Amino acid sequence: MGVAPEGGTALFPVPEESRARQKLSEEMLQRLARAAVGIESIFKEPVDIEWALKSGELHILQARQVTGLTDQT
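Computed from a predicted model, the values in this text were never measured in an experiment.

A. How the structure looks around the environment of Ala35. Checked against the element boundaries, Ala35 lands in helix α1 (residues 26–43). Excluding residues within four positions of it along the chain, Ala35 makes contact with Leu58 and Ile60.

B. Summary view of the pattern of salt bridges. Tallying each qualifying case throughout the model produces 4 salt bridges. Of the charged contacts, one joins Glu57 and Arg31 as a salt bridge, the two residues approaching to 3.9 Å between their closest N and O atoms. With Glu57 in strand β4 (residues 57–65) and Arg31 in helix α1, this residue pair connects regions lying 26 residues apart in the sequence. Residue classification places Glu57 among the partly exposed residues on the basis of a relative accessible area of 43%. Here Arg31 falls in the partly exposed class, since its relative accessible area comes to 23%. Among the ionic pairs, Asp48 bridges to Arg64, the shortest N-O distance being 3.1 Å. Taken together, the residues Asp48 in strand β3 (residues 47–54) and Arg64 in strand β4 connect sequence positions 16 residues apart.

Conventions used here
- Residues numbered from 1 in each chain as written.
- Predicted model: local features only at pLDDT ≥ 70, side-chain atom pairs only at ≥ 80, totals over all residues.
- Heavy atoms only, no water.
- Helix = DSSP H or I, 4+ residues; strand = E, 2+ residues; numbered from the N terminus.
- Contact = heavy atoms within 4.5 Å.
- Salt bridge = Lys/Arg side-chain N within 4 Å of Asp/Glu carboxyl O.
- Buried < 20%, exposed > 50% of the residue type's maximum accessible area, 1.4 Å probe, protein only.

Following this line, the structure appears as structure tokens:
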């Protein structure tokens, strides 16, 4: 689990009781899904989207073509 304390970042193990709990609210999941669909409609293909939440606000950090997919047909 990444945490951003004052002046940097730190990594900690995720507490056992938190591992199975849903982390994002249904509203935030819907906002993220709408943003992803909008971004993919611009690129006209699947994209790798990096995002973050800060103070309850969704921030799109970057989006780029997916490079790890291969055609298996």
